[in-house]
Amino acid sequence: MNTAASTGDHAGRRGADKRDFPYYAGDPVEIIGRGWLVIMVALAVAFAQLELLPLTTFPLNFIPTLLFTGVPLLALMAVTGWRAPAVFRSMGFKGLFTGLGFALLTIVSSMIVGLLMTRVMELAPNNAVADLAAAGLADLLLFLARTFIQLIGEELITILPLLAILWLGVSRFGLSRRRALVIAVLVSTLLFAALHLPTYDWNVVQCLGTIGTARLVLTLAYVLTRNLWVSVTAHVANDWSLFLMSFAGGHLPIATDA
């Protein structure tokens, strides 16, 4: 399957800037409408099986996670002539530290928004994080390994729609690149927040506020670097810090009065 097209006019308009966003303007290929449709269907199928497959014990619980990340990647490669995914770029120490910096910014911004929201409403807990307080070390390590894979999928389920909307806005609606990018960021952020509704007891305001804020920062990490590994690093560092704090809170000794 190859539903990508060469687009010399778009590539010419953007010049030889290899750091531009992939796929919307011919770098390395342009994915056309049918290709984006295949990718969107793959993302929907990947998310549906992650939510619905009743595989909750090790090692079977790795299957939905692997499919969640693997199915969109296979679809992306299929529609681009089996090229390596251009959303990933090489990353050295600079990229690593950039990702960690965005992780810190994500933690601080979402914490501020969360504290403000607690003043006006009760926030739903993330039960998976809360359960780590009673988990053993082996369970924690398996959980971290599984979530590492899943968080790559969460970046794909955000950034691939962003690139699709960017292509649609520029190539089909004639929008400027900047305007199309703003729309793509907003829509993909809303999509990401909506996907977290089941996790947070369908609390729309909480998902838009805390999850949406965190997502904007994570997306900014990709927008500024054009490297999904950077946003993955930020996402993993952000989420793992929450997981480890929950685990530590349930296992650190608590001093008691004699």
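About the cut-offs
- Residues numbered from 1 in each chain as written.
- Predicted model: local features only at pLDDT ≥ 70, side-chain atom pairs only at ≥ 80, totals over all residues.
- Heavy atoms only, no water.
- Helix = DSSP H or I, 4+ residues; strand = E, 2+ residues; numbered from the N terminus.
- Rg over C-alpha atoms; globule rule 2.2 N^0.38 Å.
- Phe/Tyr/Trp six-rings, centres within 6.5 Å; stacked < 30°, edge-to-face > 60°.
- Buried < 20%, exposed > 50% of the residue type's maximum accessible area, 1.4 Å probe, protein only.
- Core = buried A, V, L, I, M, F, W, Y, C linked by side-chain atoms within 4.5 Å.
- Contact = heavy atoms within 4.5 Å.
- Axes fitted to C-alpha atoms, helices over the stretch in contact; angles between N-to-C directions.
- Left-handed = near helix turned anticlockwise from the far one by under 90°.
- Nonpolar A, V, L, I, M, F, W, Y, C, P; charged D, E, K, R; others polar.

## With respect to the overall build of the protein chain
In step 1: Assigned secondary structure in the protein chain consists of nine helices and two strands.
In step 2: When its helices and strands are written in sequence order, the protein chain yields β-α-β-α-α-α-α-α-α-α-α.
In step 3: In summary, the protein chain has a C-alpha radius of gyration of 20 Å against a globular reference of 18 Å for 258 residues, a match within 12%.
In step 4: Across its three principal directions, the C-alpha atoms of the protein chain cover 80 × 40 × 35 Å.

## Observations regarding the packing of aromatic side chains
In step 1: Tallying each qualifying case throughout the model produces six aromatic pairs.
In step 2: Each ring, one from Phe93 and one from Phe97, has its centre 6.5 Å from the other, and the planes form 25 degrees; the classification is stacked. Linking Phe93 with Phe97, this pair stays in helix H4 (residues 93-118), spanning four residues, or about one helical turn.
In step 3: By relative accessible area, Phe93 is classed as exposed at 64%.
In step 4: Between Phe143 and Phe243, the aromatic rings sit 4.9 Å apart at their centres with planes inclined by 75 degrees, giving edge-to-face as the arrangement. Remark: Phe243 occurs in helix H9 (residues 228-251) and Phe143 occurs in helix H6 (residues 137-172); sequence separation between them is 100 residues. Each member of the pair, Phe143 as well as Phe243, carries the same accessibility label: buried.

## Some details on the nonpolar core
In step 1: Residues Phe21, Tyr23, Trp36, Ile39, Val87, Leu163 and Leu228 are the most contacted members of the largest nonpolar core, which totals 42 residues.
In step 2: For this core, the secondary structure elements donating two or more residues are helix H2 (33-52), helix H3 (62-79), H6, helix H7 (177-195), helix H8 (204-225) and H9.
In step 3: Per-element tally for this core: the top contributor is H6, with twelve residues.
In step 4: Those residues in contact with Val87 that sit more than four places away from it in its chain are Pro22, Tyr23, Leu76, Leu156, Leu160, Leu163, Tyr222, Arg226, Asn227 and Leu228.
In step 5: Counting eight residues, the second-largest nonpolar core is a separate cluster that includes Ala135, Leu140, Phe143 and Phe247.

## Examining the environment of Asp139
In step 1: Relative to the assigned elements, Asp139 resides in helix H6.
In step 2: We classify Asp139 as partly exposed; its relative accessible area is 49%.
In step 3: On a C-alpha basis, the gap between Asp139 and Phe58 in space is 9.4 Å, while along the polypeptide they are 81 residues apart.

## Observations concerning the packing of H6 against H7
In step 1: Remark: H6 packs on H7, axes separated minimally by 8 Å, with the N-to-C direction vectors making an angle of 145 degrees. Crossing angle aside, the handedness with which H6 passes H7 is right-handed. The residues of H7 that touch H6, namely those facing Glu154, Ile157, Thr158, Pro161, Leu162, Ile165, Leu166, Gly169 and Val170, are Arg177, Ala180, Leu181, Ile183, Ala184, Val185, Val187, Ser188, Leu191, Phe192 and Leu195.
In step 2: Residue composition of the contact of H6 with H7, by class: 15 nonpolar, three polar and two charged.

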